[in-house]
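Structure assessment
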Amino acid sequence: MSPAAASQEDQTLSMPSDTTTRVGANTQFDYEGIPAGYYDRVMREGNPIRRLWHVSKFERVLDYLPQPSDPHAESSILDIGCFAGTFLSLVPQDRFSRQLGVDILPAQIDYANRTYGTPFRSFRHVPSITHLRDIEGHFDCVTLIEVIEHLTAAEIHALFSELARLIRPGGKLVLTTPNYLSCWPLLEVILNRMSEVSYEEQHITRFTYFNMERRLCELYPSFAAEFALDLKTTTHLVTPFLAGLSYDLARNLSRMVPHTSWRMPFGNLVLMVLTRR
C-alpha cells in the first residue's frame with residue numbers, strides 16, 4: 001500500500017449498524033477485512049513514508065490537545081474511531097488520567113485492549129453511532145482523526161449531536177479530515193489503482209480547507225451555536241514523502257514549523273480545533 005494508506009484505516013469509525021460503509025446503492029467497503037492491529041504495526045514497523053504519515057498526523061493532534069489546568073485533577077479524553085488504539089497509546093497518563101477509545105470493529109477493540117489497555121486507558125466496542133448515547137459523563141477533549149469523511153450526512157448530524165452532549169462546556173474537539181483542495185485526490189487515484197484499499201468506497205463526505213465550517217453548518221445546523229473555532233490549518237504538505245529519503249530528517253522538518261503560524265491551505269489533511277460553547 002502507498003503513503004496515504006496511513007489515512008484512516010487505523011482511525012476510522014464506520015457508522016452503519018454492520019461494519020460496512022455504503023457509498024451509493026451498489027458499493028460497499030468491509031472494514032472487517034483489515035487485520036486487527038495492521039495499521040498500528042504499519043506506523044511502528046512499516047516503510048518510512050507510511051510510518052511518518054501516521055506519526056506526523058498523531059503528533060499534530062497531540063500538539064493541540066488541551067493541557068490540564070490542574071495536574072492533580074482528573075482529565076478525560078475520548079477518541080472516536082480509535083481502531084487499534086494507536087493514537088491513545090501515545091497519550092501519557094499525566095496528560096489525561098481517563099482515556100477511552102471507541103470503534104465499531106470488535107477485533108480492533110480487542111487488539112487495542114490487549115496491546116494498550118491500562119487502568120487509565122480502555123477501549124470499547126460501539127455497534128453504531130447511535131450507541132455513543134450509552135457513553136456516560138463528559139470529556140475534556142474528544143478527537144476525531146480522519147473519521148467524518150467516512151460518514152453520510154445523516155451520520156455526521158447524529159455524531160455532532162452526541163459530541164455536543166459528550167464534551168463539557170469549554171472542552172475541546174480536535175478533528176482531521178482529508179483536504180480535497182490538495183494533492184489528496186491524486187493520492188486517492190494512485191491508491192485506488194495500486195493498493196487493495198479503494199477510497200472511492202470509503203470517503204463519502206468530502207471537505208476542503210475553505211469549506212469546512214460552511215459544510216459542517218449545513219450538515220449540523222447547530223454547529224456554530226455549539227462550537228467555536230480556535231484553529232484551522234493543514235498538515236502533510238510535503239514532509240511525509242521526504243521520509244523516503246530520510247525518515248529522521250523528514251520528521252524533524254515536520255516539527256520545525258508550528259502550525260499556529262502555518263496558514264498554507266493546501267496540505268493534504270485539514271486540522272481543526274474547536275471549543276464547546
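Here's the deal with the overall build of the protein
For the protein, the helix and strand inventory stands at nine helices and nine strands. Per-residue burial for the protein yields a buried fraction of 57% across its 277 residues. Summed over its atoms, the accessible surface of the protein is roughly 11,300 Å², and 54% of this surface lies on carbon and sulfur atoms.

Let's talk about the packing of helix α1 (residues 38-45) against helix α2 (residues 48-63)
Running from N to C, α1 and α2 cross one another at 100°; their axes reach a closest spacing of 7 Å. Judged by the angle between their axes, α1 and α2 are roughly perpendicular. Between α1 and α2, the residues in contact are Tyr38, Tyr39, Val42, Met43, Arg44 and Glu45 and Arg50, Arg51, His54, Val55 and Phe58, respectively. Classifying every residue of the contact of α1 with α2 gives six nonpolar, one polar and four charged.

A few points about the nonpolar core
Within the largest apolar cluster, 36 residues are counted, with the highest numbers of intra-cluster contacts made by Val61, Leu65, Ile77, Phe87, Val91 and Phe123. Ranked by residue count, the leading element in this core is α2, at five residues. Every residue in contact with valine 91, bar those within four places of it in the chain, is listed here: Leu62, Leu65, Phe96, Gln99, Phe120 and Arg121. If you look at the next biggest cluster of nonpolar residues, it comprises 34 residues, including Phe139, Val142, Val147 and Leu216.

Some details on the environment of glutamate 188
Take glutamate 188: it is sitting in helix α5 (residues 184-194). A relative accessible area of 5% means that glutamate 188 is categorised as buried. For the pair formed by glutamate 188 and histidine 203, sequence separation is 15 residues and the distance between their alpha carbons is 9.9 Å. At 2.3 Å, the side chain of glutamate 188 forms a polar contact with the side chain of tyrosine 180.

A word on the environment of serine 122
Mapping serine 122 onto the fold places it in strand β5 (residues 121-125). Spatially, the C-alpha atoms of serine 122 and leucine 88 are 9.3 Å apart, while their sequence positions differ by 34 residues. Aside from chain neighbours lying at most four places away, what touches serine 122 is Gln99, Leu100, Gly101 and Asn113.

Details of the confidence of the model for the protein
For the protein, per-residue confidence averages 88 on the pLDDT scale, and 87% of positions sit at 70 or higher. Under a pLDDT of 50 for its full length, residues 1-27 has, in the predicted model, 121 contacts with residues more than four places off or in other chains.

Overview of helix α4 (residues 153-166)
Helix length check: α4, at 14 residues, gives a terminal C-alpha distance of 20 Å against a target of 20 Å (1.5 Å per residue), a fit within 8%. Turning to α4, its buried residues number three or more, namely Glu155, Ile156, Leu159, Phe160, Glu162, Leu163, Ala164 and Leu166.

Notes on the side chain of serine 75
Turning to its location among the elements, serine 75 is positioned in the loop between α2 and β3 (76-80). Under the relative-accessibility criterion, serine 75 is labelled buried at 8%. Here the side chain of serine 75 touches arginine 95 through a polar contact of 3.1 Å, landing on its backbone oxygen. Leaving out residues up to four positions away in the same chain, serine 75 has contacts with Pro68, Arg95, Phe96, Ser97, Arg98 and Asp140.

Cut-offs applied
Residues numbered from 1 in each chain as written. Predicted model: local features only at pLDDT ≥ 70, side-chain atom pairs only at ≥ 80, totals over all residues. Heavy atoms only, no water. Helix = DSSP H or I, 4+ residues; strand = E, 2+ residues; numbered from the N terminus. Buried < 20%, exposed > 50% of the residue type's maximum accessible area, 1.4 Å probe, protein only. Areas by Shrake-Rupley, 256 points an atom, 1.4 Å probe, with all protein chains shown as cover. Axes fitted to C-alpha atoms, helices over the stretch in contact; angles between N-to-C directions. Parallel < 35°, antiparallel > 145°, perpendicular 65-115°, else oblique. Contact = heavy atoms within 4.5 Å. Nonpolar A, V, L, I, M, F, W, Y, C, P; charged D, E, K, R; others polar. Core = buried A, V, L, I, M, F, W, Y, C linked by side-chain atoms within 4.5 Å. Polar contact = N/O pair within 3.5 Å; in protein donor to acceptor, adjacent residues only side chain to side chain. pLDDT = per-residue confidence, 0-100. Expected span 1.5 Å × (residues − 1).

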